[in-house]
Amino acid sequence: MQDQVKCYNWLSRQFHWLMVPLILCLFVLGLFMTELPVSELKLTLYAWHKWIGITVLALVVFRLAWRFVSFPPKSEGPQVPAFIHLLAKVGHIGLYLLLIVIPLIGWLRSSTAGFEIVLFEVLPLPNLMSKDEAFSDVLALLHKLGAFALLFLLIGHIGAVVLHHKVWQDRILQKMAPSFVHMGLLAGALLAGIGLIVYSTVINPPQAAPELAEIQQQDKPGVFQTTKSAHTQWVVDQKTSKLEFTATQKSSPTTGVFKSLLLNRLKFDPDAPAKAKVEVIVDVASLSLGTQMIEQTLLSSSWFDVQAHQTAKFYAEAFESLGANKYRLNGTLTIKAISKPLTVDLLIIKSNDEKIKKETIKATGKAIMSRTAYGIGQGEWASTQVLDDEVTLTIDIHAIKQ
Ligand code: HEM
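The notes below deal with the structure included here.

Reading guide: rules and limits
- Residues numbered from 1 in each chain as written.
- Predicted model: local features only at pLDDT ≥ 70, side-chain atom pairs only at ≥ 80, totals over all residues.
- Axes fitted to C-alpha atoms, helices over the stretch in contact; angles between N-to-C directions.
- Helix = DSSP H or I, 4+ residues; strand = E, 2+ residues; numbered from the N terminus.
- Left-handed = near helix turned anticlockwise from the far one by under 90°.
- Contact = placed C-beta atoms within 7 Å.
- Near = placed C-beta within 6 Å.
- Buried ≥ 20, exposed ≤ 12 C-beta atoms within 10 Å, placed from the backbone.
- Pairing = 2+ DSSP bridges.

### Thoughts on the packing of helix 2 (residues 40–69) against helix 3 (residues 82–112)
Interaxial distance between helix 2 and helix 3 falls to 9 Å at its minimum, and their mutual angle equals 145°. In this structure, the crossing between helix 2 and helix 3 has a hand that is left-handed. On helix 3, the residues touching Lys50, Gly53, Ile54, Val56, Leu57, Val60 and Leu64 of helix 2 are Tyr96, Leu99, Ile100, Pro103, Gly106 and Ser110.

Structure representation (C-alpha cells):
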C-alpha cells in the first residue's frame, strides 16, 4: 500500500501547514508579551497566546492520531545513511513531544498562577492545578526552556528539508508542498507579528506607571500592626479568614486576596439583627495576586492608590434576616474615599468554641461591586473591553471574642 502513496495526503498537509504560522505566532507573542508592562494589550496578547497554544495542542493530538492510521509516502532518491535516518526519527519524536509538553506546561503555569483559561472567550478549560506561586515560576522557566528546545529542533528540521531537497533530491519538499492558502496564512502570520511589534513599540509604546518604581522600593505600608480594634474585642483570625476578589479579563476569571482584615466594630445578636452593626477595615496593601508585576500595578495610583489610601472600609447596620442564619447587609463600601452602597449576603454562624472556650463568629458570603465606580483602573483601564467592571467579592471571616 505504502508503495502506491506518492505524496503526503491532504489532511497531513493541512495539519502541517496550519501549525507553521500558529507556532510562529506563539513565539512572537510569547517573547513579546512577557516584556510588556501590565496593560490591556499585555492581557489581550496573553489570552491569544494561550488560545493559539491550546489550538496547537489539539492539532498535534489529532495529527498524531492521523499519523497512525494514514500512510506516509515511500521515500525516493538515494538511500540516506542509517544514522541520519535515526536522527530524523529522534527529531520527529522530539518535535511531537515538545508540541504536547510545552502547551501542557503553559496551561499548568496559567492554572498555578491563578488564571483560568476560557478558550476564545467561549469554552472554559479546567484548572489543571490549584494556585501555587513558587511552582508557577518553575513552570514558566520550563515553558521557556521547552520553547527554545523546540526552536532548536525546528531549525534542525528546516536544515534537514534543505538537505533532502538539495543534496539527496528525493522530492520530499514536493510531497509536503504548501498550497497558496498555506503560503498566504504564513505571510499573514509574519505580517501580523511585524505589525504588532511596530504598533506597540513605535505607534503606541506602552507607558509604565511612573510611581511603580517607588512602590517597588518601599515596604508595603502595613497599617495593621495589631489586629485588635479599639472598638471591639473581636479579633479576626487572619490565618483562616480572607477577602477574595475575582476580576474577569477576556472572560477569564482571576482571583486575588486581601490577607489582612480588621473587625473594627461588631455588634450582632441573631435574635436582634435590626440592631446589628459591623465595620470591616481592609489593609489594601495586603493584596496578593500571584504575580508581583500585577500586584504593584494594582497598588499604584491608577488603581487602589495605596500610598494615599491604605485602607478600604465596609460599614453596615440593621441586618435584614433572610432565615436559616442568612442575612442581607445593605451597607457602604468606601475605597479611595469614595463611598457607594454595597449589598452583601452572608451566612453568619455565632457559636461557642468549646476547645478554646471563647465565642466565635463565622461569616461567609458574596457581593458584587463595580470597580469603575471607585476609579479602580484608570486611563485605558476605565474601559471595560478587556477587564470587566464587575468584581465579585468572596467573604470568609472567622473572628474570636477576646
Ligand atoms: C507550542 C506551544 C507554545 C509555544 C511554542 C510557546 C512559546 C512561548 C514562549 C516563547 C514564551 C516566552 C517565554 C519567556 O520569555 O518567558 C511563552 C510564554 C508563555 N506561555 Fe507559551 N507557548 C506555547 C503554548 C502555551 C500554552 C498552551 C499556554 C497556556 C495555555 C501558554 C502560556 C504561556 C504563558 C502564561 C507564558 C508567560 C510565562 C511567564 O509569565 O513568564 N503557552 N510561551
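So much for the structure itself; the text now carries on.
### What to know about the site of the ligand
As a structural note, the neighbourhood of the ligand is formed by 25 residues, with Gly30, Gly53, Pro103, Gly106 and Ala147 the closest of them. Among the secondary structure elements, those contributing two or more residues to the shell around the ligand are helix 1 (10–33), helix 2, helix 3 and helix 4 (133–168). Residue contributions to the shell around the ligand peak at 7 residues, all from helix 3.

### Side note on the pairing of strand 11 (residues 326–335)
Here strand 11 shows a clear split, with Tyr327, Leu329, Gly331, Leu333 and Ile335 buried on one side and none of Lys326, Arg328, Asn330, Thr332 and Thr334 buried on the other. Bridge analysis of strand 9 (residues 311–317) against strand 11 gives 3 bridges, and the strand direction is antiparallel. Among the inter-strand pairings, Phe314 is bridged to a residue of strand 11, identified as Leu333. Relative to strand 11, strand 10 (residues 320–323) runs antiparallel, the two sharing 3 bridges. Across the sheet, Glu320 pairs through a bridge with Arg328, a residue of strand 11. Counting the residues between successive antiparallel strands, the hairpin from strand 10 to strand 11 contains 2 residues, one of them, Ala324, with a positive phi of roughly 50°. In this sheet, strand 12 (residues 338–353) lies alongside strand 11 in antiparallel orientation, the contact comprising 10 bridges.

### Side note on the environment of Leu108
With respect to the element layout, Leu108 can be found in helix 3. Measuring from C-alpha to C-alpha, the distance between Leu108 and Leu139 comes to 7.3 Å, with 31 residues separating the pair along the chain. Not counting residues within four places of it along the chain, the set of residues in contact with Leu108 comprises Leu128, Met129 and Leu139.

### Structural notes on unusual backbone geometry
Positive phi values are uncommon outside glycine, yet Lys250 reaches one of about 50°. Counting through the fold element by element, Lys250 comes out in the loop between strand 4 (242–249) and strand 5 (252–258). In the Ramachandran plot, Ser251 falls in the positive-phi region, its phi being about 70° despite a non-glycine side chain. Mapping Ser251 onto the fold places it in the loop between strand 4 and strand 5. Among the residues examined, Ser251 registers 16 C-beta atoms within 10 Å and is labelled partly exposed.

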